[in-house]
Amino acid sequence: MDCIFCKIVKGEIPSKKVYEDEYVLAFHDINPIAPVHVLTIPKKHIVSLLDIKQEDKELVGHLHLALQKVAKEMGIDGSGFRVITNIGPHGQQTVFHLHYHLIGGRQLEWKM
Ligand code: AMP
Ligand code: ZN
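As the structure is a computational prediction, the values presented were derived from the model and not from experiment.

S.K.: Got a minute to help me understand the coordination of the zinc ion (ligand 2) in this structure?
M.R.: Note on metal geometry: ideal angles are 109.5 degrees for four donors arranged tetrahedrally and 90 or 180 degrees for six donors arranged octahedrally. Protein coordination at the zinc ion (ligand 2) comes from Cys3 (SG), Cys6 (SG), His45 (ND1) and His97 (ND1), with a distance range of 2.0 to 2.3 Å. Classification of the site at the zinc ion (ligand 2) as tetrahedral follows from its 4 donor atoms and the range of 105 to 117° in their angles at the metal. For the zinc ion (ligand 2), all donor residues lie on one chain, and their spacing in sequence is C-x2-C-x38-H-x51-H. In this pair, Cys6 sits in helix H1 (residues 4-10) while His97 sits in the loop between strand S4 (81-84) and strand S5 (100-104), placing the two residues 91 residues apart along the sequence. Grouping residues by exposure puts Cys6 and His97 together as buried.

Have a look at this one:
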């Protein structure tokens, strides 16, 4: 499958890892929009939030707990941050492997 994030999981494309366990990988976004911009992904290939199945319920919970760990690891749990997952054309999703942007390290605004 030609998926860049699957290739990052397999180590075929390098990444700057922040956190890894059996089910989840977190790495720095190659084009950060804030001082902290980390992508957290399931190692399993899931296209987007719309493709999460009943059988993935535990994995998704695990991923949320990993997001907590990443925020703490990056030292932004106290200051706050934002978690975003883009879906489809209006969401401007560009990589079709489920990923959560964890963005922080500066004051964010809420303008789209
Ligand atoms: P999205 O637009 O929500 O699908 O987000 C995809 C994100 O992946 C973008 O923020 C890109 O900068 C990021 N990205 C693409 N390729 C890589 C890569 N090889 N390593 C790290 N981040 C990447
Ligand atoms: Zn993939």
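So, next bit.
S.K.: How should I be thinking about the site of ligand 1 in this particular structure?
M.R.: Neighbouring ligand 1 are 16 residues; Asp29, Asn86, Thr94, His99 and His101 lie closest to it. Side-chain polar atom of Asp29 to an oxygen atom of ligand 1: 2.5 Å apart, as the coordinates give it. With respect to ligand 1, the side chain of Asn86 contributes an N or O atom lying 2.7 Å from an oxygen atom. Isolated, ligand 1 exposes 500 Å² of accessible area, and the fraction of that covered by the protein chains is 83%. The cavity where ligand 1 resides is the largest pocket. Looking at the shell around ligand 1, the elements that each hand over two or more residues are H1 and strand S2 (24-28). Of the residues forming the shell around ligand 1, the biggest block, 3 residues, is contributed by H1. For the shell around ligand 1, a count of residues per class yields 7 nonpolar, 8 polar and 1 charged.

Conventions adopted
- Residues numbered from 1 in each chain as written.
- Chains lettered and ligands numbered in written order.
- Predicted model: local features only at pLDDT ≥ 70, side-chain atom pairs only at ≥ 80, totals over all residues.
- Heavy atoms only, no water.
- Donors = N, O, S within 2.8 Å, 3.2 Å for Na, K, Ca; no water.
- Tetrahedral: all angles 85-135°; square planar, octahedral: opposite > 155°, others 65-115°.
- Helix = DSSP H or I, 4+ residues; strand = E, 2+ residues; numbered from the N terminus.
- Buried < 20%, exposed > 50% of the residue type's maximum accessible area, 1.4 Å probe, protein only.
- Near = heavy atom within 4 Å.
- Polar contact = N/O pair within 3.5 Å; in protein donor to acceptor, adjacent residues only side chain to side chain.
- Areas by Shrake-Rupley, 256 points an atom, 1.4 Å probe, with all protein chains shown as cover.
- 1 Å grid on protein atoms, 1.4 Å probe; cavity = no way out; pocket = protein on both sides within 12 Å on 5 of 7 lines; lining within 4 Å.
- Sits in = over half its atoms within 2 Å of the grid points.
- Nonpolar A, V, L, I, M, F, W, Y, C, P; charged D, E, K, R; others polar.

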